[in-house]
Amino acid sequence: DALERFFHDHHLPLAERLAGLRRTEVCRIDGKPGGESRFHMSYALYFESQVALRAALASPAGLELLQALLPWLEAGVISWYYGTAYADEHAGGAASSPTGEGEPA
């Protein structure tokens, strides 16, 4: 599918060039309570702070990433949001993240 190709061929390489990027997280969405989700995956980018995120997005690599995402955002195919992540590691369980980008199926 075109979105998958874009994500792997363009989005990931562009995002990995962002200065200050501490880690990324890809999550395939399996569903939601009561049925299917309109989202296909989420891709979270983690930075030290909002200041670091803004600096990364204002950089040449960040501006190139934003330009590449704009047609997908305008078409309503992706959703972009910002948040603050809080990790709490439990024995036997994976931590979840409330931040990232959601991509509808």
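Residues numbered from 1 in each chain as written. Predicted model: local features only at pLDDT ≥ 70, side-chain atom pairs only at ≥ 80, totals over all residues. Heavy atoms only, no water.

This brings us to helix α2 (residues 50-58). Within α2, the full set of buried residues consists of Leu-53, Ala-56 and Leu-57. When α2 is viewed along its axis, its buried side chains cluster within an angular range of 95 degrees and face the same direction. Those residues of α2 that are exposed and aimed more than 90 degrees away from the buried face are Val-51, Arg-54 and Ala-58. Looking at the buried residues of α2, the elements they touch are α3 (60-74) and β3 (79-81). (Buried < 20%, exposed > 50% of the residue type's maximum accessible area, 1.4 Å probe, protein only. Helix = DSSP H or I, 4+ residues; strand = E, 2+ residues; numbered from the N terminus. Arc of directions from axis to C-beta. Contact = heavy atoms within 4.5 Å.)

What follows is about the pairing of strand β2 (residues 39-46). Of all 8 residues making up β2, 6 are buried, and the element is well covered by its neighbours. In this structure, strand β1 (residues 23-28) lies alongside β2, joined through 6 bridges in antiparallel fashion. In the sheet register, Arg-28 faces β2, and the bridge partner there is Met-41. (Pairing = 2+ DSSP bridges.)

Turning our eyes to something else, we now look at the side chain of Ser-59. Of note, Ser-59 is situated in the loop between α2 and α3. Overall, the relative accessible area of 16% leaves Ser-59 in the buried class.

The next thing to look at is the confidence of the model for the protein chain. For the protein chain, per-residue confidence averages 85 on the pLDDT scale, and 87% of positions sit at 70 or higher. With pLDDT under 50 throughout, residues 97-105 is counted as low confidence; its partners more than four residues away or in other chains account for 50 contacts. (pLDDT = per-residue confidence, 0-100.)

Let us look at the packing of helix α1 (residues 2-16) against α3. As a packed pair, α1 and α3 sit with axes 9 Å apart at the nearest point and diverge in direction by 165 degrees. Viewed along their axes, α1 and α3 adopt a mutual orientation that is roughly antiparallel. Remark: the crossing between α1 and α3 carries left-handed chirality. Across the interface between the two elements, Ala-2, Leu-3, Phe-6, His-11, Leu-14 and Ala-15 from α1 touch Glu-64, Leu-65, Ala-68, Leu-69 and Trp-72 from α3. Residue composition of the contact of α1 with α3, by class: 9 nonpolar, 1 polar and 1 charged. (Axes fitted to C-alpha atoms, helices over the stretch in contact; angles between N-to-C directions. Parallel < 35°, antiparallel > 145°, perpendicular 65-115°, else oblique. Left-handed = near helix turned anticlockwise from the far one by under 90°. Nonpolar A, V, L, I, M, F, W, Y, C, P; charged D, E, K, R; others polar.)

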